Amino acid sequence: AQTVTQSQPEMSVQEAETVTLSCTYDTSENNYYLFWYKQPPSRQMILVIRQEAYKQQNATENRFSVNFQKAAKSFSLKISDSQLGDTAMYFCAFMKQSFGNEKLTFGTGTRLTIIP
Amino acid sequence: DSGVTQTPKHLITATGQRVTLRCSPRSGDLSVYWYQQSLDQGLQFLIQYYNGEERAKGNILERFSAQQFPDLHSELNLSSLELGDSALYFCASSVDLGSYNEQFFGPGTRLTVL
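Keep in mind that what you see is a predicted model, and the values were worked out from it rather than measured.

1. Points about the side chain of A:Gln51
Residue and element names in this part refer to chain A.
Then step 1. Mapped onto the elements of the fold, glutamine 51 is located in strand E6 (residues 46–52).
Then step 2. The buried category is assigned to glutamine 51, whose relative accessible area is 1%.
Then step 3. Side-chain polar atoms of glutamine 51 contact the backbone nitrogen of alanine 59, separated by 2.8 Å.
Then step 4. Every residue in contact with glutamine 51, bar those within four places of it in the chain, is listed here: Tyr32, Tyr33, Leu34, Gln57, Asn58, Ala59, Val66, Phe68 and Phe75.

Dropping the structure here:
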């Protein structure tokens, strides 16, 4: 079974600063996907970024980037130039490569607050 | 707006009752997933359907059941409700099977069991 650990329950940062959210995971799979989801106060789950384990290059989506360390089973999210709209719960998630069982396993989340 | 709709938005009921949560996937999506988000258990995968057939099961209680209909909408039935079933229930959909297909989440149904 896979597990996902987010060791930072809460974080806060000043607007325009950079913040990094940590995530580690445990799996015996070699092929898998990793995700960061954002859950703002509206409760909607929004995909922020994803990483395929077979890709060595770290994924980037505008101000969001990841640091994927496969050997260390680490997958951190960096948010640059943070904005007030980034205030949300952030969940790290794991999915093994599959065709027919696309179960997402989530961490416990990090509550991020951007301070004006 | 993800294109996934869930009804009702809120549901308040009593212990021992039965409720049905409904999900309409994005147009053209064949795969539907149900997740539960509770304070105790966090976000947990419950069950996956694809084109009407059950494909994967997670930590879904025997009191819970689901199905996907020919028009591809899905229903999650929760019976003999307990206080601990209070949670936010999400439905998600993807266009097809395969890990590379993004799951789009609905807004959730908040269930409160009193």
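2. Brief notes about the state of the cysteines
One covalent bond between the sulfur atoms of two cysteine residues makes up a disulfide.
Then step 1. Overall, the coordinates contain 2 disulfides over all chains when judged by the stated rule.
Then step 2. Note on cysteine connectivity: A:Cys23 is disulfide-linked to A:Cys92, with sulfurs 2.0 Å apart. Since a negative S-S torsion denotes a left-handed disulfide, the A:Cys23-A:Cys92 link at about -70° is left-handed. Here A:Cys92 lies in strand E10 (residues 88–96) and A:Cys23 lies in the loop between strand E3 (19–21) and strand E4 (24–26), a separation of 69 residues in the sequence.
Then step 3. Between B:Cys23 and B:Cys91 runs a disulfide, and the two sulfur atoms are separated by 1.8 Å. Because the torsion about its S-S bond is -50°, the bridge between B:Cys23 and B:Cys91 counts as left-handed. Taken as a pair, B:Cys23 in strand E3 (residues 19–24) and B:Cys91 in strand E9 (residues 87–94) lie far apart in primary sequence, 68 residues in all.

Cut-off values and rules
- Residues numbered from 1 in each chain as written.
- Chains lettered and ligands numbered in written order.
- Predicted model: local features only at pLDDT ≥ 70, side-chain atom pairs only at ≥ 80, totals over all residues.
- Heavy atoms only, no water.
- Helix = DSSP H or I, 4+ residues; strand = E, 2+ residues; numbered from the N terminus.
- Buried < 20%, exposed > 50% of the residue type's maximum accessible area, 1.4 Å probe, protein only.
- Polar contact = N/O pair within 3.5 Å; in protein donor to acceptor, adjacent residues only side chain to side chain.
- Contact = heavy atoms within 4.5 Å.
- Disulfide = S-S within 2.5 Å.

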